[in-house]
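# Observations on the three-dimensional arrangement
Spelled out from the first residue to the last, the chains are:
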Amino acid sequence: MKKIIGIALGLTLVMGACKNGKTIPENEKTTENIVTMNPIYYKKLDVNGVHIAYREAGNPENPTIVLLHGFPSSSHQYRKVLNALADSYYLIAPDYPGFGNSDFPSPDTYTYTFDNLAKTIDQFLELKGLSKYALMIQDYGAPVGFRIATAHPERITAIVNQNGNAYEEGLGEAWATTKELWKNRNAETEKAMLPVFSLEGLEWQYTHGVRNPEVVNPDTWHLDYLRLSRPNAHKVNLDLFYDYQNNVKLYPKWQQYLREHQPPMLIVWGKNDAFFPASGAEAYKKDVKDIDFNIYDTGHFALEEEGEAILKKMRSFLNQHL
């Protein structure tokens, strides 16, 4: 039995270095014929008494990419990016306060606004000693990221944008109930938002607009549901939904930043996103000259279904600009 196991193991090792029965020369090895697993580290950093959890991968001497997640997710949404690009880049993916594995301070001690989330993440990046980095933004990552970019335009080397909106024409039909909340926040308009926090509502956010729901990992919405079931979670996220109207007011400022500083931008957008449809992606063409524009037939979390295609685009774009 030991001899059989040894032979099988040896064949596995040989096949890992072969293609079609031939040995692959070192200079011909690619990500298509060698599977590598880059280690991801799960860390925490104290930022003014709030422990910010973050995922870290890659060599800090390589160009840095900061990955900013959306609602209702966390750095977990970037697991494919962290594993695939850590061979060439240094990747940092923080969880905002109240999200993922970061501390969830009481709303009595931490004000849940996008200004405050961005301030905390900006301080986190400074504590990490990061002075030059590309941003990857999605959903909430856009208002957090653009606040950081407008505060420190000299730090931003490029932007990878996956359904991260900065234009009013990019607000889709799914914002109807949120806009009612903006007009008049009361018990009735808050109650209308509650289905968003249900397990079915969270599943819809991940699977709406995808071609094949079976490729979307159900752990995504189950993890989010667990976190959104904590005490105060609904209140905190309703506060953020209500505060989102202040992001819309800042859209002109963010657009001015794009026009003046012209960060290279990669658009990898799921066109079937009910929150941020493709019109939001098209709008960036008005202000950004160096733009690599890609639209995919998928939904809000495009990496779930189109991860392989997006990662190839990212590697090509980042190799060119970083």
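Right above here is the structure, for reference.
What counts, and where the lines are drawn
Residues numbered from 1 in each chain as written. Predicted model: local features only at pLDDT ≥ 70, side-chain atom pairs only at ≥ 80, totals over all residues. Heavy atoms only, no water. Helix = DSSP H or I, 4+ residues; strand = E, 2+ residues; numbered from the N terminus. Contact = heavy atoms within 4.5 Å. Salt bridge = Lys/Arg side-chain N within 4 Å of Asp/Glu carboxyl O. Buried < 20%, exposed > 50% of the residue type's maximum accessible area, 1.4 Å probe, protein only. Expected span 1.5 Å × (residues − 1). Core = buried A, V, L, I, M, F, W, Y, C linked by side-chain atoms within 4.5 Å. Pairing = 2+ DSSP bridges. Right-handed = clockwise from strand over helix to strand, strands pointing away. Polar contact = N/O pair within 3.5 Å; in protein donor to acceptor, adjacent residues only side chain to side chain. Bend = angle between axes of the 7 residues up to and from the residue.

### Observations concerning the overall build of the chain
In terms of regular secondary structure, the chain is built from 11 helices and 10 strands. For the chain, the share of sequence-separated contacts (at least 6 apart) that also reach a separation of at least 24 residues comes to 75%.

### Thoughts on the pattern of salt bridges
Summed over all chains, the structure comprises 18 salt bridges. As a salt-bridge pair, Glu304 and Arg79 come within 3.0 Å of each other at their nearest N and O atoms. Taken as a pair, Glu304 in helix 11 (residues 302-321) and Arg79 in helix 2 (residues 79-85) lie far apart in primary sequence, 225 residues in all. Arg79 matches Glu304 in its accessibility class, with the two residues each being buried. Connected via shared salt-bridge partners are Asp122, Glu126, Glu154 and Arg155.

### A look at the side chain of Thr120
Mapping Thr120 onto the fold places it in helix 3 (residues 114-127). Leaving out residues up to four positions away in the same chain, Thr120 has contacts with Val47, Ile52, Pro97 and Tyr110.

### Section: helix 3
The terminal C-alpha atoms of helix 3, which comprises 14 residues, lie 20 Å apart, in line with the 20 Å expected from a rise of 1.5 Å per residue. For helix 3, the full list of buried residues reads Phe114, Leu117, Ala118, Thr120, Ile121, Asp122, Phe124 and Leu125. Downstream of helix 3 by a residue or two, Gly129 has a phi angle that is positive, lying close to 75 degrees.

### Examining the nonpolar core
Buried together is how nonpolar side chains tend to be arranged in soluble globular proteins. Tyr140, Val144, Phe146, Tyr244, Leu258 and Tyr284 are the most contacted members of the largest nonpolar core, which totals 65 residues. Not counting the four nearest positions on each side in its chain, Phe146 is found in contact with Ile137, Ile159, Ala166, Trp254, Tyr257, Leu258 and Tyr284. Of all hydrophobic cores here, the second largest spans 25 residues; its members include Ala93, Ala134, Ala158 and Val268.

### A word on the pairing of strand 7 (residues 133-137)
For strand 7, a buried count of 5 out of 5 residues is recorded, marking the element as mostly surrounded by other parts of the structure. A two-sided burial pattern is seen for strand 7, the buried positions comprising Tyr133, Leu135 and Ile137 on one face and Ala134 and Met136 on the other. Where strand 5 (residues 64-68) lies against strand 7, 4 bridges are found, and the strand directions are parallel. For Leu68, the partnering residue across the bridge sits in strand 7 and is Ile137. Of the strand pairs in this sheet, strand 7 and strand 8 (residues 156-161) are connected by 4 bridges, and their pairing is parallel. Within strand 8, the residue paired with Leu135 across the bridge is Ile159. Read as a crossover between parallel neighbours, the route from strand 7 over helix 4 (residues 141-151) to strand 8 is right-handed.

### Considering the side chain of Ser75
Examined against the element boundaries, Ser75 turns out to sit in the loop between strand 5 and helix 2. The exposure class assigned to Ser75 is buried, which follows from its relative accessible area of 1%. Looking at Ser75, its side chain comes within polar contact range of the side chain of Asp95, at 2.8 Å. Apart from residues no more than four positions distant in its own chain, Ser75 is found in contact with Arg55, His69, Ala93, Pro94 and Asp95.

### Considerations on helix 9 (residues 233-261)
At Leu250, helix 9 shows its maximal bend, which comes to roughly 45 degrees, and the proline Pro252 appears one to four places after that position. Positive phi shows up at Gln262, right after helix 9, with a value of about 50 degrees.

### Considering unusual backbone geometry
For the peptide bond that leads from Phe71 to Pro72, omega is 0 degrees, which places it in the cis range. If you check the backbone angles, Asn48 has positive phi at about 55 degrees while not being a glycine. Classification of Asn48 by relative accessible area gives exposed; the value is 65%. A positive phi angle, near 55 degrees, is found at Asp139, a position not held by glycine. Asp139 gets classed as buried once you look at its relative accessible area, which sits at 6%.

### Some points on the environment of Ala192
By the secondary structure assignment, Ala192 is in the loop between helix 6 (187-191) and helix 7 (199-207). For Ala192, a relative accessible area of 43% gives the class partly exposed. Taking the C-alpha atoms as reference points, Ala192 and Thr178, separated by 14 residues in sequence, lie 8.7 Å from one another.

### Some thoughts on the pairing of strand 9 (residues 265-270)
Within strand 9, 6 of the 6 residues are buried, which leaves the element mostly enclosed by the surrounding structure. Every second residue of strand 9 is oriented toward a common face, with Met265, Ile267 and Trp269 on one face and Leu266, Val268 and Gly270 on the other, all of them buried. Across 3 bridges, the pairing between strand 8 and strand 9 is parallel. When the sheet's bridge partners are listed, Asn161 is paired in strand 9 with Ile267. Note: strand 9 against strand 10 (residues 291-296), 6 bridges, orientation parallel. In the strand pairing of strand 10, Met265 is matched with Ile291. For the segment spanning strand 9, helix 10 (residues 278-283) and strand 10, crossover handedness is right-handed.

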